[in-house]
Structure formats: structure tokens, C-alpha cells
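The primary structure of each chain is shown beneath.
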Amino acid sequence: KQMSVLAAFGFVFIIASFQAVSGPAYAIYGIRPDFIILSIVTIGILLPPPAIYASAFFAGALLDALSPGVAGPHMTGFLLSALLMVRGRRMGIGATAKGKALLVSAGILAASAAPQTARWILEGPELDSALVIAATFAYTTLFAYPFFRVLGPAICWAAPRRNDYGIIRGRASWPGLG
């Protein structure tokens with residue numbers, strides 16, 4: 001389980017760096033896909049609950065530290081997303097492809113709605129808040145499946161499901177090589 005937490009932290013850090021560097025290239029009318037949310041929901045589908053909660057906490061703290069305004073909305077959204085993912089997996093929703101799609105959609109919506117809702121509460125109601133939530137959700141969801149298919153195997157490789165040392169011991173968890 002410790003390896004999965006370390007792999008999740010590394011994955012979130014790499015994706016946050018990618019979003020900072022190349023995020024403006026994906027902007028359409030000021031709306032960008034949130035790759036950090038995608039990293040949290042991908043971790044939520046693949047890794048055990050301690051890694052999901054730890055990565056959500058890390059990503060939320062990172063975004064709240066780097067964002068102007070009140071601290072806490074991003075962490076609230078990511079932890080709510082992690083809670084939805086863990087509870088959904090525990091209830092068996094994530095066992096099928098449709099269930100995984102539902103969990104990913106719920107996780108993206110929760111994580112993108114929380115900061116906008118906090119802004120709406122603190123700064124007053126604005127019509128564009130709902131539009132920003134909907135546009136961010138839709139644009140981020142477009143990247144969910146390719147993101148999962150490309151980076152999912154990398155997460156599974158870095159955090160093997162067995163209880164041996166995995167990446168530390170020279171990939172001893174590969175079948176036939178241990």
C-alpha cells in the first residue's frame with residue numbers, strides 16, 4: 001500500500017507539472033481541461049483507498065497553495081471526489097465499464113463543482129459559474145478515456161498489486177521474473 005501512495009504522489013506531481021506547462025495549449029475560450037482531476041479519478045479507479053485519499057489531499061493542497069483566494073475549495077472538491085470514488089468502488093459500481101464511466105463522471109463533476117461553488121458563495125452568485133462548471137466538466141470528460149487508456153498501465157506498473165517491493169527491488173513483481 002505504501003508503494004501505491006508513492007506512485008500516486010508521483011503521478012499527481014507529474015500531471016500537475018504537465019498542466020502548468022501545457023495547459024494553456026488546450027484552452028478553448030478560456031476553458032481548460034483539468035488534468036489534475038483526471039489524475040485523481042484515474043487513481044480512484046486503479047489504486048487502493050489510501051492512495052486515493054492521499055493523492056486527493058496532496059493535489060488539493062498543491063492547488064490551494066498555488067491558487068489565489070481562499071484556501072480549501074480545491075482540496076474539498078478532490079476529497080469529495082475521492083470519497084465518491086471509494087464509496088462507489090466499495091458498493092460495486094466500478095466493477096463494469098459503465099460503472100467506471102459513472103464513477104469517473106461523478107468524480108470529475110464533484111471536483112470541478114466544489115471550487116466554483118465556493119467562489120459563488122464567497123463572491124456572490126454569477127451566471128457564468130454554472131457555465132464554467134458545465135464547460136470544465138464536459139471538456140475534462142472528453143479527455144477521461146484517452147487519459148485512462150494511456151496512463152492507467154503506467155500507474156499499474158508503478159504500484160503492483162502484490163505485497164513485494166515492486167519497483168524498488170527491480171520489478172520483481174513481473175510475472176515469471178520474481
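Just above, that's the structure.
Because the structure is predicted, anything quoted here is derived from the model rather than measured.

Participant: So what exactly am I meant to see when it comes to the packing of aromatic side chains here?
Facilitator: Think of a pair of aromatic rings as described by two things: how far the centres are apart, and how the planes are tilted against each other in angle. Enumeration according to the criterion identifies 9 aromatic pairs in this entry. Plain terms: the ring middles of Phe-18 and Tyr-26 are 6.2 Å apart, the flat faces sit at 55 degrees to each other, and that makes the pair tilted. Relative accessible area serves as the criterion here: at 29%, Tyr-26 is assigned to the partly exposed category. Residues Phe-35 and Phe-147 carry aromatic rings whose centres are separated by 6.4 Å and whose planes lie at 20 degrees to one another, so their mutual orientation is stacked.

Participant: Would you take a moment to explain the side chain of Asp-64 for this structure?
Facilitator: Tracing the chain through its elements places Asp-64 in helix α3 (residues 49-66). Within the local environment of Asp-64, its side chain forms a polar contact with the side chain of His-74, the two groups lying 3.0 Å apart. Residues in contact with Asp-64, not counting those within four places in the same chain, are Ala-71, Gly-72, Pro-73, His-74 and Met-75.

Participant: Please explain the packing of α3 against helix α4 (residues 73-90) as it appears in this structure.
Facilitator: Packed helices, taken two at a time, are described by the angle between their axes plus the distance between the axes. Their axes nearest at 7 Å, the elements α3 and α4 cross at an angle of 165 degrees. When the interaxial angle is binned, α3 and α4 end up roughly antiparallel. In the crossing of α3 with α4, the sense of the turn from one axis to the other is right-handed. Together, Pro-49, Ile-52, Tyr-53, Ala-56, Phe-57, Ala-59, Gly-60, Ala-61, Leu-63 and Asp-64 of α3 and Pro-73, His-74, Met-75, Phe-78, Leu-79, Ala-82, Leu-83, Val-86 and Arg-89 of α4 make up the contact between the two elements.

Participant: Looking at this structure, how should I read the nonpolar core?
Facilitator: With 36 residues, the main nonpolar core has Leu-38, Ile-43, Leu-47, Phe-78 and Ile-108 as its most contacted residues. Elements supplying a minimum of two residues to this core: α1 (2-22), α2 (35-46), α3, α4, α5 (97-123) and α7 (144-158). With 9 residues, the top contributor of residues to this core is α2.

Participant: Mind showing me how you'd approach the side chain of Thr-140 here?
Facilitator: On the secondary structure map, Thr-140 appears in helix α6 (residues 127-142). According to the relative accessible area criterion, Thr-140 is buried, its value standing at 0%. Those residues in contact with Thr-140 that sit more than four places away from it in its chain are Arg-32, Pro-33, Asp-34, Leu-38 and Ile-108.

Participant: In this structure, what is going on with unusual backbone geometry? I would like to understand it.
Facilitator: Of all residues except glycine, most have a negative phi; of all peptide bonds, most are trans. For Tyr-29, which is not a glycine, the phi torsion comes out positive at approximately 55 degrees. Along the polypeptide, Tyr-29 turns up in the loop between α1 and α2. The exposure class assigned to Tyr-29 is exposed, which follows from its relative accessible area of 84%.

Participant: What should I look at first to understand α2 in this one?
Facilitator: Within an α-helix, residues lying three or four positions from one another point in the same direction, as the helix has 3.6 residues per turn. The terminal C-alpha atoms of α2, which comprises 12 residues, lie 16 Å apart, in line with the 16 Å expected from a rise of 1.5 Å per residue. The buried fraction of α2 is high, at 12 of 12 residues. Turning to α2, its buried residues are Phe-35, Ile-36, Ile-37, Leu-38, Ser-39, Ile-40, Val-41, Thr-42, Ile-43, Gly-44, Ile-45 and Leu-46. Of the residues flanking the start of α2, the one acting as N-cap is Asp-34, its side-chain oxygen 3.2 Å from the backbone nitrogen of Ile-36.

Basis of the calculations
- Residues numbered from 1 in each chain as written.
- Predicted model: local features only at pLDDT ≥ 70, side-chain atom pairs only at ≥ 80, totals over all residues.
- Heavy atoms only, no water.
- Phe/Tyr/Trp six-rings, centres within 6.5 Å; stacked < 30°, edge-to-face > 60°.
- Buried < 20%, exposed > 50% of the residue type's maximum accessible area, 1.4 Å probe, protein only.
- Helix = DSSP H or I, 4+ residues; strand = E, 2+ residues; numbered from the N terminus.
- Polar contact = N/O pair within 3.5 Å; in protein donor to acceptor, adjacent residues only side chain to side chain.
- Contact = heavy atoms within 4.5 Å.
- Axes fitted to C-alpha atoms, helices over the stretch in contact; angles between N-to-C directions.
- Parallel < 35°, antiparallel > 145°, perpendicular 65-115°, else oblique.
- Left-handed = near helix turned anticlockwise from the far one by under 90°.
- Core = buried A, V, L, I, M, F, W, Y, C linked by side-chain atoms within 4.5 Å.
- Expected span 1.5 Å × (residues − 1).

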